[in-house]
Amino acid sequence: MSLSEDKQAARKAAFAARKTAFGVEGLADRAADRLAEVLQGFRGLTVAGYMPIRTEVDPRPAMLRHDGPLCLPVVEGEARPLGFRPWSAAAEMIPGAFGAAIPAETTAVIPQVVILPLVAFDARGYRLGYGGGFYDRTLELLRAQGPVTAIGFAFAAQELPQVPIESTDELLDLMVTEQGVLGPFA
């Protein structure tokens, strides 16, 4: 199988596992509690989360317990890194790419912590996304500008023995699920 075929097969298995986990009562709440605990170590820093789509686990309950500025990603064009805009529970939201709402305010923000959605992950600290490369390009850019912590957030059921990777795939710093925290990865 080619790398592309390996990634498609991994996505298919992980989507099914995520859909099943998404339907388990209380699992997302436990995951959010674990994430909130991790975010306590980043008080005062700007944290980027995401607006969940499909069956992604929702980081917003944990984000709203964070003591510091919050922001959300914005797709700024195909094959480009993500931008980030300020967010709060009261923020005006508008439609964005891929069905995810984005903040209407256009002020650019640079996060120091990025919570990443994903389709699958492995114990090495790699994630498998949807295939657009947005987060990999974004992490590469942010890391070139200074320290940033990349936190994968998912259900434990989304773990695979090994995610197929390529040279452009960025390593996570931490991985948070309802079962706990993996990492730091090096």
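That block above? That's the structure.
Position labels on residues start from 1 in each chain and follow its written sequence. Only residues with pLDDT of at least 70 are given local features in this predicted model, and only at 80 or more are side-chain atom pairs given and counted; all residues enter the totals for whole chains, interfaces and linings. Neither water nor hydrogens contribute to the side-chain values; these are computed over all heavy atoms in the structure.

S.K.: Sorry, what's going on with helix α1 (residues 3-22) here?
M.R.: Residues that lie three or four places apart on an α-helix share one face, since the helix turns once every 3.6 residues. Taking 1.5 Å per residue as the helical rise, α1 with its 20 residues ought to reach 28 Å, and the 28 Å between its terminal C-alpha atoms agrees with that figure. Throughout this description, buried means an accessible area under 20% of the type-specific maximum (1.4 Å probe, protein chains only), exposed means over 50%, and partly exposed covers the range between. Helix and strand definitions here come from DSSP, where helices need a minimum of 4 consecutive H or I residues and strands a minimum of 2 consecutive E residues; each element is numbered from the N-terminal end. Restricting attention to buried positions, one finds in α1 the residues K7, A10, R11, A14, A17, R18 and A21. Along the long axis of α1, the arc covered by the buried residues comes to 140°, so they all point the same way. Seen from the buried face of α1, the exposed residues on the opposite side, beyond 90 degrees, are K12, K19 and T20. Note on contacts: a residue pair qualifies if any of its non-hydrogen atoms lie within 4.5 Å across the two residues. As for α1, its buried residues are in contact with α2 (27-39), β7 (120-121) and β8 (127-128). Multiply 1.5 Å by the residue count of a helix minus one, and that product is the helix's expected span. Each C-beta atom gives one direction from the helix axis, and the arc is the one those directions make.

S.K.: Teacher, can you tell me more about the pattern of salt bridges here?
M.R.: It is possible for side chains of opposite charge to pair when their charged atoms get near one another. A side-chain nitrogen of Lys or Arg and a carboxyl oxygen of Asp or Glu constitute a salt bridge if their distance falls within 4 Å. In the structure shown here, the tally under the stated rule is nine salt bridges. When the shortest N-O distance is used, the salt bridge between K7 and D169 registers 3.5 Å. Remark: D169 occurs in the loop between β9 (149-153) and β10 (174-177) and K7 occurs in helix α1; sequence separation between them is 162 residues. D169 shares its class with K7; the two are buried. A salt bridge links R143 to E170, with the shortest nitrogen-to-oxygen separation between them at 2.7 Å. Residue R143 is located in helix α4 (residues 134-145), and its partner E170 is located in the loop between β9 and β10; the two are separated by 27 residues in the primary sequence. What emerges from the salt-bridge pattern is a single network uniting K7, E166 and D169.

S.K.: Explain unusual backbone geometry to me, please; I cannot follow it from the model alone.
M.R.: Excluding glycine, residues mostly carry a negative phi; peptide bonds, for their part, are mostly trans. Backbone torsion omega between G183 and P184 reads 10°, so that peptide bond is classified as cis. Topologically, P184 is positioned in the segment after β11 (180-182). You will see that A79, though not glycine, has its phi angle at about 65°, which is positive.

S.K.: Where do I start with the packing of aromatic side chains in this structure?
M.R.: The relation between two aromatic rings is expressed through the spacing of the ring centres and the mutual angle of the planes. Pairing of aromatic rings covers Phe, Tyr and the six-membered ring of Trp, with a centre-to-centre limit of 6.5 Å; geometry is then stacked below 30 degrees between planes, edge-to-face above 60, and tilted otherwise. In this structure the tally under the stated criterion is two aromatic pairs. Their ring planes at 35° and their centres at 5.8 Å tell us that F15 and Y130 sit as a pair that is tilted. Of the two residues, F15 is situated in helix α1 and Y130 in the loop between β8 and α4; the sequence distance between them amounts to 115 residues. Each ring, one from F98 and one from F134, has its centre 5.9 Å from the other, and the planes form 65°; the classification is edge-to-face. You can see F98 sitting in the loop between β4 (93-95) and β5 (101-103) and its partner F134 sitting in helix α4, a full 36 residues away along the chain. Counted as over-ring charges are cases with an Arg CZ or a Lys NZ within 6 Å of the ring centre that also lie within 35 degrees of the ring normal. The lysine or arginine in question, R137, covers the ring of F134, its NZ or CZ lying 5.2 Å from the ring centre.

S.K.: Got a minute to help me understand the side chain of T55 in this structure?
M.R.: Along the chain, T55 falls in the loop between β1 (47-48) and α3 (60-63). Here a polar contact is taken to be a pair of N or O atoms separated by no more than 3.5 Å, where protein atoms must pair a possible hydrogen donor with a possible acceptor and residues adjacent in sequence count only if both atoms sit in side chains. Of the polar contacts made by the side chain of T55, one reaches the side chain of R18; its length is 2.9 Å. Every residue in contact with T55, bar those within four places of it in the chain, is listed here: R18, K19, F22 and F155.

S.K.: In this structure, what is going on with the pairing of β9? I would like to understand it.
M.R.: Moving residue by residue along a regular strand, the side chains alternate between the two faces of the sheet. Burial of β9 is extensive: five of the five residues sit out of reach of the surface. Residues T149, I151 and F153 line one face of β9 and the alternating positions A150 and G152 line the opposite face, and both faces are buried. Pairing of strand β6 (residues 113-116) with β9, which is carried by four bridges, proceeds in the parallel orientation. Looking across to β9, one finds that I115 is bridged to I151. We call two strands paired when DSSP finds no fewer than two bridges between them. Looking at chain direction, β9 and β10 are connected through three bridges and run parallel. Pairing of G152 across the sheet is with M175, part of β10.

S.K.: How should the sheet that holds strand β2 (residues 70-74) be read in this particular structure?
M.R.: Across a sheet, paired strands are connected by hydrogen bonds in the backbone, their directions being either parallel or antiparallel. Spatially, β3-β2-β1-β6-β9-β10-β11 is the arrangement adopted by the seven strands of the open sheet, whose pairing is mixed. In the strand order of this sheet, the two ends are held by β3 (83-86) and β11, each with one partner. Structural elements are reduced to axes, namely lines fitted to C-alpha atoms, with helices fitted over the stretch in contact, and the angle between N-to-C directions of any two is expressed from 0 to 180 degrees. Packing against the sheet, α4 makes contact with β2, β3, β6 and β9, and its axis sits at approximately 170° to β6.

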